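Examining the three-dimensional arrangement
Residue-level listing of the chains:
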Amino acid sequence: MNTDLVVVGSGLFGLTVAERAARELGLKVTMIDRRPHLGGNAYSENEERTGIEVHRYGAHLFHTSNERVWEYVNRFTQFTNYVHRVYTRHQGEVYPMPINLGTINQFFRSAYSPGEARELIREQAGELAGTDPQNLNDKGIQLIGRPLYEAFIKHYTGKQWQTDPKDLPASIISRLPVRYTYDNRYFNDTHEGLPVDGYTAWLERMADHPNIDVRLDTDFFDDSQEFSKASVVGQVPVVYTGPVDRYFDYAQGDLSWRTIDLEEEVLDIEDFQGTSVMNYPDEDVPFTRIHEFRHFHPERDYTKDATVIMREFSRFAEKGDEPYYPVNTSLDREKLLAYRDLAKGESSVLFGGRLGTYKYLDMHMAIGSALSMVDNKIAPHFTSGAPLT
Ligand code: FDA
């Protein structure tokens, strides 16, 4: 087999491993993906009619405080100075998110100072003071008080999980951020922005190296393929970034995921909502939020005749759906431990990325963890013969 390393999955984890292995370690890498494009969930493309860049698997905002990751990604793309802000539409009014002094003063029709607002929320949260909340509903009330929780969190979370928060474990949230300033920047990271010429240009540059052979439309579990599980495992080292339960043929049961249905619409108006994301926290609206993609790139000269919006509906994933967010019940955690034990037995396979580790990872976390895998496992294996796993 004319390759040193097989990477399964061309998302940001697989791309980072492939790029480093090829450029830094001089290895020949074959990267396969079952989708017809590379880039995993960060992939984007220009909507046909309008030319507006649409993030195909849900909106992706890049942000990081990890200097190594920031330096690394800047080798492949420049970033715009986009700053992410989120608004929420509750009972006919629009409020800034995350909950901040602006949200509080608008909601209570007041002009509280930071100290007064803090005192008010403490009082309201006191309703369940001293209790040990057993479900997400009680935890939410204990964290920020009933009025704000019921307006902005309760039904939004209920829609995300398709479950009444009274029936969800309290452990889903450990804190609900409330800012006692008017700062409504969504992310607190040192660096933030969007790739100047789009995600796909960035991701393709990472794979653009003579030692990287990309094979799309190639499923690792399709035995008729040249680079399938049956033909490569044991023959050549593998970095696997697909779902860990699938790798072991669901031997320990299915891990549960939430997925998102994305409903795209092109509207014949210049601007639908005046901002890139609007949450819908009310019970009577079936979707959780709407993205309007033109607002991610105000610097671009997009058409004024049309705009692209995307509504998000959240639900539990079934087999065949895109797995997006780990549900992570206690049963899932038990299964995951069993899969980790099985993974230890695969001496020539490394499991990584959000599907391979059953962890929600932001892009910078996927890249950071791939860089660590190269440093700690792949480089020592190829340079001094250390065991791979
Ligand atoms: P990723 O899922 O991207 O790639 C895995 C690849 O493996 C896929 O291309 C898949 O086709 C392939 N694969 C699976 N099974 C295979 C098989 N059997 N054979 C061959 N190939 C196979 N992050 C962030 O920083 N900011 C944000 O705003 C967002 N927003 C966001 C929204 C939504 C809806 C989601 C679900 C996720 C985000 N993220 C995010 C997270 C971001 O998508 C995530 O960090 C990266 O996708 C992680 O990259 P991976 O390579 O781990 O997985």
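Residues numbered from 1 in each chain as written. Predicted model: local features only at pLDDT ≥ 70, side-chain atom pairs only at ≥ 80, totals over all residues. Heavy atoms only, no water.

Re the packing of aromatic side chains
If you walk through the whole model with that rule in mind, you get 27 aromatic pairs. Between the aromatic rings of Tyr-247 and Phe-351, the centroid separation amounts to 5.0 Å while the plane-to-plane angle is 85°, which identifies the pairing as edge-to-face. A residue pair is termed long-range when its members are at least 10 positions apart, and Tyr-247 in helix α9 (residues 244-247) and Phe-351 in strand β16 (residues 349-351) qualify at 104 residues. A connected cluster of aromatic rings, assembled from ring pairs, spans Phe-220, Phe-221, Tyr-240, Tyr-247, Phe-248, Tyr-339 and Phe-351. If you follow Arg-35 out to its NZ or CZ, it ends over the ring of Tyr-57, 4.0 Å from the centre. Over the ring of Tyr-250 we find Lys-319; its NZ or CZ atom is 4.2 Å from the centre of that ring. (Phe/Tyr/Trp six-rings, centres within 6.5 Å; stacked < 30°, edge-to-face > 60°. Helix = DSSP H or I, 4+ residues; strand = E, 2+ residues; numbered from the N terminus. Lys NZ or Arg CZ within 6 Å of the ring centre and 35° of its normal.)

So, the sheet that holds strand β9 (residues 212-215)
On the basis of which strands lie adjacent, the open sheet formed by five strands has the order β9-β2-β1-β10-β16 and parallel pairing. Either end of the sheet is taken by a strand with one partner, and the two such strands are β9 and β16. Within this sheet the neighbouring strands show an average axis-to-axis angle of 20°, counted without direction. In this structure, strand β1 (residues 5-8) lies alongside strand β10 (residues 238-240), joined through three bridges in parallel fashion. Residue pairing in the sheet places Val-7 in a bridge with Val-239 of β10. Sitting on the sheet, helix α1 (residues 12-23) is in contact with β1, β2 (29-32), β9 and β10, with an inclination near 165° to β2. On top of the sheet, helix α12 (residues 363-384) reaches β10 and β16; it is set at about 160° to β16, its chief contact. (Pairing = 2+ DSSP bridges. Axes fitted to C-alpha atoms, helices over the stretch in contact; angles between N-to-C directions. Contact = heavy atoms within 4.5 Å.)

Looking at the packing of helix α5 (residues 136-144) against helix α6 (residues 146-161)
It is the contact of α5 with α6, at a shortest axis distance of 9 Å, that shows an interaxial angle of 145°. Seen along the crossing, α5 lies across α6 with a hand that is right-handed. On the side of α5, the interface is formed by Leu-136, Asn-137, Gly-140, Ile-141 and Ile-144, while α6 contributes Arg-146, Leu-148, Tyr-149, Ile-153, Lys-154 and Thr-157. Each residue belonging to the contact of α5 with α6 can be placed in one class, and the counts come to six nonpolar, three polar and two charged. (Left-handed = near helix turned anticlockwise from the far one by under 90°. Nonpolar A, V, L, I, M, F, W, Y, C, P; charged D, E, K, R; others polar.)

So, helix α4 (residues 114-125)
The terminal C-alpha atoms of α4 lie 16 Å apart, and with twelve residues this matches the ideal 16 Å at 1.5 Å per residue to within 8%. All of the buried residues along α4 are Ala-117, Leu-120, Ile-121, Gln-124 and Ala-125. For α4, the angular spread of the buried residues around the axis is 130°, confining them to a single face. α4 presents Arg-122 and Glu-123 as exposed residues on the side facing more than 90 degrees away from its buried surface. Those residues of α4 hidden inside the fold are in contact with α3 (101-107), α5 and α6. (Expected span 1.5 Å × (residues − 1). Buried < 20%, exposed > 50% of the residue type's maximum accessible area, 1.4 Å probe, protein only. Arc of directions from axis to C-beta.)

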